[in-house]
Amino acid sequence: MSNKLRLGMIGGGQGAFIGAVHRIAAQLDGEYELVCGAFSSNPEKSKASGTLLGLAPERVYSSYKELFEKEKQLPEEERVQVISIVTPNHVHFEPAKLALESGFHVVLDKPMTFSLQEALELREVVEKSGKLFCLTHTYTGYPMVKEAKQLVASGKLGKIRKVYVEYPQGWLSKFEEGGDNKQASWRTDPSQSGIAGAMGDIGTHAFNLAEYVSGLEVTQLCADINVVVEGRQLDDDGAVLLKFNNGASGVLFATQVAAGEENNIKIRVYGEEGGLEWQQSDENTLLVKWLSKPAEIYRTGTGYVSSYAQHNSRTPAGHPEGYLEAFANLYRNFAQSVRAQIEGKEAKAESKDYPGVADGVRGMAFIEQVIASGKSDKKWIDFTI
């Protein structure tokens, strides 16, 4: 028998973008073997997707409920161990809940659920299950994002005062959901995406990155939320003022109507003694600026970076590591944590550094409170869970 973790997937069938990304990420380090799946709500499409992926026909299921029921009946050494859920937002909560209750570890695409109430319930399920849970906030997997977090945590920048984070996209600058663009159709549909569009899709990434790197928590926010493209049902643009639990302030903007922009998420954090800057378009570089000495450039793959950055790098300096590798870091760290639990050991700190259910709950609270602030005349509201 292979000693790889046995992986099952829900969603991610033919024509799905993110499913393929998850499969590549899971396989990059040889930690997982895809053994089963329910790849579509359409049974025929699920079967066809499983065939293309080379799975045994009897382990390609018509629904996630069938997957859980039949996998539980298999001998322990054969049944799936980790479930990856890559469905639209409205099909996150129930399969994640059932997977955990069935005794499987879970990797879930973000945002965690359709609503904050579902997120709070799922947190209870995770805690009761004793199983591990990973939420794929991809950008936390970059080595230089890890380095930024460690640099802030070291105190070298001094007390943090300002946090700026942005995520500009341009792919929804026109009414793409009016055609056959599947990604645009479900992401702009409130019955599938939830109450937020851009703020749920990419604003949550920016919010998570701000809290992850700064080590702080948002306590208040004030949002301006817009629907720019005529006929669109959910927000496609917005900006948020933030206040953090140490007194720092910040600005977050997320837009999908910045024509010409791709996916250049960017963060800047400033303390009393210096600041740092990272952006995805130059993902292997961390720029550190000091108040009283020359600026420094940190690079991925070098010997002077922290153990967290080194742990999440695969190649020597100068060999680019990008989005797929960052995604794979989440899967690898999760695999190492799952293996440690199976063996009754404590995973090392670097392996446990992946987004979890607490991040998911805060992300859903961010969505609900940003939209509430956007609709409110009061504007500034407390960030509560």
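These numbers were taken from a predicted model, which means no experiment stands behind them.

Q: Could you give an account of the overall build of the protein chain, with specific residues and numbers?
A: Scanning the protein chain from terminus to terminus reveals twelve helices and 14 strands. The globule rule puts the C-alpha radius of gyration for 385 residues at 21 Å, and the 21 Å found for the protein chain is close to it. Principal-axis analysis of the C-alpha atoms places the extent of the protein chain at approximately 65 × 50 × 40 Å. Burial statistics for the protein chain: of 385 residues in total, 55% are counted as buried. In the protein chain, 68% of the contacts between residues at least 6 apart in sequence involve partners at least 24 apart. Accessible surface, the protein chain as shown: approximately 16100 Å² in total, 49% of it carbon and sulfur. Each charge class in the protein chain can be summarised by its mean position, and for the 41 positive and 50 negative side chains these summaries are 3 Å apart.

Q: Can you break down the sheet that holds strand β7 (residues 218-226) residue by residue, with the values?
A: Reading across from one edge, β13-β12-β11-β10-β6-β9-β8-β7-β14 is the order of the nine strands in this open sheet, with mixed pairing throughout. Every interior strand has two partners, whereas the edge strands, β13 (296-299) and β14 (381-382), have only one. As paired elements, β7 and strand β8 (residues 237-244) share eight bridges and run antiparallel to each other. Looking at the pairing, Gln220 lines up with Lys243 of β8. Relative to strand β9 (residues 249-255), helix α9 (residues 198-214) is tilted by about 150°, and along the sheet it contacts β6 (160-168), β7, β8, β9, β10 (266-271) and β11 (274-279). Helix α12 (residues 357-375) rests against β7, β8, β9 and β14 of the sheet, and its axis sits at about 55° to β7.

Q: Outline the pairing of β13, listing residues and values.
A: Taken together, the four bridges between strand β12 (residues 285-290) and β13 define a ladder with antiparallel strand orientation. Within β13, the position partnered with Leu286 by the bridge is Tyr298. The turn linking β12 back onto β13 is made up of five residues.

Q: Go over helix α2 (residues 43-52) with me, naming the residues and quoting the values.
A: Among the residues of α2, those classed as buried are Ser46, Ser49 and Gly50. Here the buried residues of α2 occupy an arc of 100° about the axis, which is enough to place them on one side. Exposed and oriented more than 90 degrees from the buried face of α2 are Glu44, Thr51 and Leu52. Packing partners of the buried residues in α2 comprise β2 (32-38). The backbone nitrogen of Glu44 lies 2.9 Å from a side-chain oxygen of the residue at the head of α2, namely Asn42. Trailing α2 by a residue or two, Gly54 shows a phi angle of about 80°, which is positive.

Q: Go over empty space enclosed by the protein, please, and point to the residues and values.
A: In this approach, a probe sized like a water molecule rolls over the atoms, and the result shows the empty space that is left. For the coordinates displayed, the defined rule picks out three cavities of 30 Å³ or more. Computed from the structure, the largest cavity encloses a volume of approximately 70 Å³. In terms of lining residues, the largest cavity is bounded by 13 residues, among which Phe114, Ser193, Ile195, Met364 and Ile367 are the most central. Among the elements that make up the lining of the largest cavity, the one with the highest residue count is α12 (three residues). Here the residues of the lining of the largest cavity sort into six nonpolar, six polar and one charged.

Q: How would you sum up the layout of surface pockets? Please name residues and give values.
A: If you add up the space inside the largest pocket, you get close to 540 Å³. Gly11, Gly12, Phe39, Thr87 and Pro88 are the residues nearest the centre of the largest pocket, which is lined by 32 residues in total. Of all the elements in the fold, those that place two or more residues in the lining of the largest pocket are α1 (17-27), α7 (182-187) and α8 (190-193). Here the lining of the largest pocket takes four residues from α7, the largest share from any one element. Each residue belonging to the lining of the largest pocket can be placed in one class, and the counts come to twelve nonpolar, 14 polar and six charged. Reported here for the second largest pocket is a volume of approximately 420 Å³. Taken together, 21 residues form the lining of the second largest pocket, with Phe17, Tyr167, Gln169, Asn263 and Tyr323 sitting closest to its centre. For the lining of the second largest pocket, the element with the highest residue contribution is α9, accounting for three residues.

Thresholds, definitions, all that
Within any chain, residue numbers begin from 1 and follow the written order of that chain's sequence. At least 70 in pLDDT is required for a residue's local features to be given in this predicted model, at least 80 for side-chain atom pairs to be given and counted, and no such filter applies to totals for whole chains, interfaces and linings, which use all residues. Remark: hydrogens and water are excluded; side-chain values derive from all non-hydrogen atoms of the structure. The way it works is that DSSP assigns letters per residue, a run of H or I at least four long becomes a helix, a run of E at least two long becomes a strand, and they are numbered from the N terminus. Our radius of gyration is a C-alpha quantity, and the globule rule it is checked against amounts to 2.2 Å times the number of residues to the power 0.38. For each residue, the accessible area found with a 1.4 Å probe, counting protein chains only, is set against the maximum for its type, and the residue is called buried under 20%, exposed over 50%, and partly exposed in between. Residues count as neighbours in contact if any of their non-hydrogen atoms are within 4.5 Å of one another. Computed with a 1.4 Å probe, the accessible areas rest on the Shrake-Rupley method; for each residue, only the protein chains presented here act as cover. Charged residues are defined narrowly, with Lys and Arg counted positive, Asp and Glu counted negative, and His plus the chain ends left uncounted. Where a charge lies is defined by one atom per residue type, namely NZ (Lys), CZ (Arg), CG (Asp) and CD (Glu). For two strands to be treated as a pair, DSSP must find no fewer than two bridges joining them. Angular values range over 0 to 180 degrees, each being the angle between N-to-C directions of two axes fitted as lines to C-alpha atoms, with helices fitted over their stretch in contact. Here the arc refers to the set of directions running from the helix axis out to each C-beta atom. Polar contacts here mean pairs of N or O atoms no more than 3.5 Å apart (in protein, one a potential hydrogen donor and the other a potential acceptor; neighbouring residues in sequence count only if both atoms are side-chain atoms). As defined here, a cavity is a set of points on a 1 Å grid over the protein atoms alone where a 1.4 Å probe fits but cannot get out. A pocket is an open set with protein on both sides within 12 Å along at least five of seven lines, and residues line them when an atom is within 4 Å of a point. Grid points are joined across faces, edges and corners, and a volume is the space filled by probe spheres set on the points. We call Asp, Glu, Lys and Arg charged. Ala, Val, Leu, Ile, Met, Phe, Trp, Tyr, Cys and Pro are nonpolar, and the rest, Gly among them, are polar.

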